[in-house]
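Structure at a glance
Take a look at the letters that make up each chain.
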Amino acid sequence: MCGGCVGTEYPDRGTTCLEGGSFLLNFLGCAQCGRRDFVLLGNRAAGLHGGDEIVTYDHLCKNCHHLIARHEYTFSVVDDYQEYTMLCLLCGRAEDSISILPDDPRQMTPLF
């Protein structure tokens, strides 16, 4: 992975967890060939590990195939919530949790 290709290493993305794609606003250009072009996705793998769905892939320079970053996305169900995480030098780090119930208990206001 290459810190010279990105503006900010592991930027905080809040709750934006990407299962695919690239955060191109953080891509300065390839540190190896010097060009700023589209980013290829390679070596994509998806599978289950201990009940968690894990998707990994590499961000590669379109021109010289230099490894810019390795992307990891996870999805799991914990209790009554869907949990999402993302960790990537280019795309950043993020976490999100969404209730699988019709009404999210965390969003409910007490009656008294």
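We now turn to the structure provided with this report. What you are looking at is a predicted structure, and each value in this text was computed from that prediction instead of being measured. (Residues numbered from 1 in each chain as written. Predicted model: local features only at pLDDT ≥ 70, side-chain atom pairs only at ≥ 80, totals over all residues. Heavy atoms only, no water.)

Within the secondary structure layout, aspartate 58 lies in strand 2 (residues 52-61). A polar side-chain atom of aspartate 58 sits 2.7 Å from a polar atom in the side chain of asparagine 43. Setting aside chain neighbours within four positions, we find aspartate 58 in contact with Leu40, Leu41, Gly42, Asn43, Leu67, Ala69 and Arg70. (Helix = DSSP H or I, 4+ residues; strand = E, 2+ residues; numbered from the N terminus. Polar contact = N/O pair within 3.5 Å; in protein donor to acceptor, adjacent residues only side chain to side chain. Contact = heavy atoms within 4.5 Å.)

Here we have five strands laid out as an open sheet, ordered 1-2-3-4-5, and antiparallel in their pairing. Every other strand in the sheet has two partners, leaving strand 1 (39-49) and strand 5 (92-99) as the edge strands with one partner each. Across the sheet, the mean angle from the axis of one strand to that of its neighbour is 10°, orientation sign disregarded. Across eight bridges, strand 4 (residues 81-88) lies against strand 5 in antiparallel orientation. In the strand pairing of strand 5, tyrosine 81 is matched with serine 99. (Pairing = 2+ DSSP bridges. Axes fitted to C-alpha atoms, helices over the stretch in contact; angles between N-to-C directions.)

Moving on to the pattern of salt bridges. For the coordinates displayed, the defined rule picks out two salt bridges. Of the charged contacts in the structure, one is a salt bridge between aspartate 37 and lysine 62, with a shortest N-O distance of 4.0 Å. Of this pair, aspartate 37 sits in the segment before strand 1 while lysine 62 sits in the loop between strand 2 and strand 3 (67-78); the two residues are 25 residues apart in sequence, bridging distant segments of the chain. Aspartate 37 sits in the partly exposed class, given a relative accessible area of 25%. A salt bridge links arginine 70 to aspartate 58; the nearest nitrogen and oxygen atoms lie 2.8 Å apart. Taken together, the positions of arginine 70 in strand 3 and aspartate 58 in strand 2 put the pair twelve residues apart, joining distant regions of the chain. (Salt bridge = Lys/Arg side-chain N within 4 Å of Asp/Glu carboxyl O. Buried < 20%, exposed > 50% of the residue type's maximum accessible area, 1.4 Å probe, protein only.)

This part is about the packing of aromatic side chains. Applying the stated criterion across every chain yields a total of two aromatic pairs. Ring centres of tyrosine 73 and tyrosine 84 lie 6.4 Å apart, and the angle between their planes is 40°; this geometry places the pair in the tilted category. With tyrosine 73 in strand 3 and tyrosine 84 in strand 4, the pair connects residues that are eleven residues apart, well separated along the chain. Taking the relative accessible area as the measure of exposure, tyrosine 73 reaches 5% and is therefore buried. An angle of 50° between the planes, with centres 5.1 Å apart, marks the rings of phenylalanine 75 and tyrosine 84 as tilted. Members of the aromatic cluster, connected to one another through ring pairs, are Tyr73, Phe75 and Tyr84. The ring centre of phenylalanine 23 lies 3.8 Å from the NZ or CZ of arginine 13, which sits over that ring. (Phe/Tyr/Trp six-rings, centres within 6.5 Å; stacked < 30°, edge-to-face > 60°. Lys NZ or Arg CZ within 6 Å of the ring centre and 35° of its normal.)

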